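The primary structure of each chain is shown beneath.
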Amino acid sequence: MPTVGPRSGDAIFANVERVNAELFTLTYGAIVRQLLTDLEEVEEVNKQLDQMGYNIGTRLIDEFLAKANISRCVDFKETAEMIAKVGFKMFLGVTASVTNWDIEGTCCSVVLEENPLVDFVELPDTCQGLYYCNVLCGVIRGALEMVSMKTEVTWVRDVLRGDDSYELQYWRDHRCRWLLGFSRYMQLLFAKPNPT
Amino acid sequence: MLLSRVREERSLQAAGTRQRATPNGCATISRVKNRGPAGLDSASASAVEEEATKPEKMIVCIAVVGHQNNPLYIQSFTEADDALKLHHIVHCSLDVVDERVNNPKKSGPLLNETFLGLLYPTENYKVYGYLTNTKVKFILVTTDLDVKDADVRNFFRRFHAAYVDAVSNPFHVPGKKITSRTFAERVSTIVKAFGLSSAG
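Calculation rules
Residues numbered from 1 in each chain as written. Chains lettered and ligands numbered in written order. Predicted model: local features only at pLDDT ≥ 70, side-chain atom pairs only at ≥ 80, totals over all residues. Heavy atoms only, no water. Helix = DSSP H or I, 4+ residues; strand = E, 2+ residues; numbered from the N terminus. Buried < 20%, exposed > 50% of the residue type's maximum accessible area, 1.4 Å probe, protein only. Contact = heavy atoms within 4.5 Å. Areas by Shrake-Rupley, 256 points an atom, 1.4 Å probe, with all protein chains shown as cover. Buried area = accessible area lost by both parts, 1.4 Å probe. Polar contact = N/O pair within 3.5 Å; in protein donor to acceptor, adjacent residues only side chain to side chain. Nonpolar A, V, L, I, M, F, W, Y, C, P; charged D, E, K, R; others polar. Salt bridge = Lys/Arg side-chain N within 4 Å of Asp/Glu carboxyl O. Core = buried A, V, L, I, M, F, W, Y, C linked by side-chain atoms within 4.5 Å. Phe/Tyr/Trp six-rings, centres within 6.5 Å; stacked < 30°, edge-to-face > 60°. pLDDT = per-residue confidence, 0-100. Bend = angle between axes of the 7 residues up to and from the residue. Axes fitted to C-alpha atoms, helices over the stretch in contact; angles between N-to-C directions. Parallel < 35°, antiparallel > 145°, perpendicular 65-115°, else oblique.

## So, the overall build of chain A
1) Next: Check the secondary structure of chain A and you find six helices and four strands.
2) Next: Order of helices (α) and strands (β) in chain A, N terminus to C terminus: α-α-α-α-β-β-α-β-β-α.
3) Next: A buried classification covers 44% of the 196 residues belonging to chain A.
4) Next: Taking the contacts inside chain A whose residues are at least 6 apart along the sequence as the reference set, 60% of them involve residues at least 24 apart.
5) Next: When the accessible surface of chain A is split by element, carbon and sulfur atoms take 54% of a total near 10900 Å².

## Some details on the interface of chain B and chain A
1) Next: In this assembly, 10 residues from chain B lie in contact with 14 residues from chain A.
2) Next: Between chain B and chain A, the buried area comes to about 930 Å², and carbon and sulfur atoms account for 57% of it.
3) Next: Sorting the residues of chain B by area buried against chain A places Ser-168, Pro-170 and Phe-171 of chain B first, and these three jointly supply 61% of that buried surface.
4) Next: Applying the counting criterion to the chain B and chain A interface returns five residue pairs in polar contact (both at pLDDT 80 or more).
5) Next: The greatest single-element share of the side of chain B that touches chain A, amounting to three residues, is contributed by helix H5 (residues 181-198) of chain B.
6) Next: When the residues that make up the side of chain B that touches chain A are grouped by side-chain class, the tally is four nonpolar, four polar and two charged.

## Observations regarding the pattern of salt bridges
1) Next: Taken as a whole and assessed by the stated rule, the structure comprises five salt bridges over all chains.
2) Next: Here Arg-157 of chain A and Glu-167 of chain A are joined by a salt bridge, their closest N and O atoms 2.7 Å apart. Of the two residues, Arg-157 of chain A sits in strand S3 (residues 151-157) while Glu-167 of chain A sits in strand S4 (residues 166-172), which places them 10 residues apart along the sequence.
3) Next: The exposure class assigned to Glu-167 of chain A is buried, which follows from its relative accessible area of 7%.
4) Next: Two residues, Asp-165 of chain B and Arg-186 of chain B, come together in a salt bridge whose shortest N-O distance is 2.6 Å.

## A word on the nonpolar core
1) Next: Residues Phe-88, Leu-130, Tyr-132 and Tyr-170 of chain A together with Phe-171 of chain B are the most contacted members of the largest nonpolar core, which totals 40 residues.
2) Next: When contributions to this core are tallied by element, the ones reaching two or more residues are helix H2 (21-39), helix H3 (42-68), helix H4 (76-92), strand S1 (96-99), strand S2 (107-112), helix H5 (134-146), S3 and S4 of chain A.
3) Next: The element contributing the most residues to this core is H4 of chain A, with six residues.
4) Next: With 26 residues, the next largest nonpolar core counts Leu-118, Val-136, Phe-138 and Leu-140 of chain B among its residues.

## Side note on the packing of aromatic side chains
Residue and element names in this part refer to chain B.
1) Next: Going through the model one piece at a time under the given rule, you end up with 14 aromatic pairs over all chains.
2) Next: Here Phe-155 and Phe-156 contribute two aromatic rings whose centre-to-centre distance is 5.7 Å and whose plane-to-plane angle is 70°, an arrangement assigned as edge-to-face. Neither residue differs from the other here; Phe-155 and Phe-156 are each classed as buried.
3) Next: Relative to Phe-194, the ring of Phe-155 lies with its centre 5.5 Å away and its plane at 65°, an arrangement referred to as edge-to-face.

## What about the side chain of Ser-109 of chain A?
Residue and element names in this part refer to chain A.
1) Next: Tracing the backbone shows Ser-109 in strand S2.
2) Next: According to the relative accessible area criterion, Ser-109 is buried, its value standing at 1%.
3) Next: One polar contact links Ser-109 to Glu-167, side chain to side chain, over a distance of 2.9 Å.
4) Next: Ser-109 has contacts with Ser-97, Val-98, Thr-99, Asn-100, Glu-167, Leu-168 and Gln-169, leaving out every residue within four places of it along the chain.

## Brief notes about the confidence of the model for chain B
Residues and elements named next belong to chain B.
1) Next: With 60% of its residues at a pLDDT of 70 or more, chain B shows a mean pLDDT of 68.
2) Next: Ranking the elements of chain B by mean pLDDT puts helix H2 (residues 41-53) last, at 41, and helix H4 (residues 149-167) first, at 88.
3) Next: Low pLDDT, under 50, characterises residues 107-111; the stretch is placed with two contacts to residues that sit more than four places away or in other chains.
4) Next: Scoring the predicted complex yields pTM 0.69 and, for the interface, ipTM 0.70.

## Examining unusual backbone geometry
Among all residues except glycine, the phi angle is most often negative; among peptide bonds, the trans geometry is most common.
Residues and elements named next belong to chain B.
1) Next: Even without a glycine there, the phi angle at Asn-69 is positive, about 60°.
2) Next: Structurally, Asn-69 can be placed in the loop between strand S1 (59-65) and strand S2 (71-76).
3) Next: Classification of Asn-69 as partly exposed rests on a relative accessible area of 32%.
4) Next: With phi around 65°, Lys-135 is a residue other than glycine that occupies positive phi space.
5) Next: Classification of Lys-135 by relative accessible area gives partly exposed; the value is 45%.

## Looking at H3 of chain A
Side chains three or four residues apart in an α-helix point the same way, a direct result of the helix having 3.6 residues per turn.
All names here are of chain A.
1) Next: The axis of H3 is deflected most strongly, by about 35°, at Leu-60.
2) Next: Among the residues of H3, Val-42, Val-45, Asn-46, Leu-49, Asp-50, Gly-53, Tyr-54, Gly-57, Thr-58, Ile-61, Phe-64 and Ala-68 are the ones counted as buried.
3) Next: Positive backbone phi, approximately 55°, marks Asn-69, located one or two places after H3.

## A short note on the packing of H3 of chain A against H4 of chain A
Residues and elements named next belong to chain A.
1) Next: Their axes nearest at 11 Å, the elements H3 and H4 cross at an angle of 100°. Classified by the interaxial angle, the pair formed by H3 and H4 is roughly perpendicular. Where H3 abuts H4, its residues Leu-60, Glu-63, Phe-64, Lys-67 and Ala-68 lie against Met-82, Val-86, Gly-87, Met-90 and Phe-91.
2) Next: The residue inventory of the contact of H3 with H4, partitioned by class, reads seven nonpolar, one polar and two charged.

Here is the structure:
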């Protein structure tokens, strides 16, 4: 199993172009604010953020695979580690940790200590059901679907709702097991060659 | 003698204090300016007494006022005083701010527009003002009889930082009151730090 450490994530992060974090945070805040004004229903906004994230994820996966230069993941555990250590680092500049694996290895939790999307944010009382960072769920779901892994991603803990950190839960969808053979073929087709 | 000795010790403890123990042991308590070598004997004696019995180095109230003189945040820190009286003081000080802004005392490139300094002393309060670039005013009301300029400037700098973070919240509507709980907590931390740093 190829080893993936935080160093590869750091190295890639050092080489990609970066944008001002405050600009990013304020832009995302403006998007959420506008969605709330337009849609008014908190659940609708959650869905819309997820959908936006999905659209971003389907495009982001190509950039990730191109820049990260990693080898093919053997199983879902490795995929999750890759997302947490390399993906989050590359795009958000934060490192996440993967915990709480279930017995079958299809469900895990990714914990983020800090989240640049929510700097300065405090949810008002009228928006208590809002998952402010729901776009992240959509991004991961969309990206994994493009490499033929159907997953469901949900929030378990959210600092804006009073918890101490951000925790996402990934479920590998069992119903798509028959796609495994096909997905292996796809991975072989699109994977980068191993750097020697 | 005992009281003046206590005062001397306190002034020595406070780092960088401008209090100089004059030969007869009386410290200067000036109402309008913090400089000046000697105060009146009776004034300083009574002030020393007050200092020794009741160390009132407290911020009574701070207020954030928008550029149209609409209140955005008012927080008082003593239970004793009437909230209405504090509102009145803050309101009066806005006139002084407008006056200072429209008639600058010295014009030129060296004019530091942000910190307005002591606006006016009233009864037992002192009122300080600070103007941001967006014409938002911070008003500080304190019962501190001896407060250093540097402390107040420091206070306003930290308060400004907290204000900027509160306003960056996407759910904050500019022009409406600040309802952020984090802001309130940060402000009370800054106020406590101010009280501790200027205490002798």
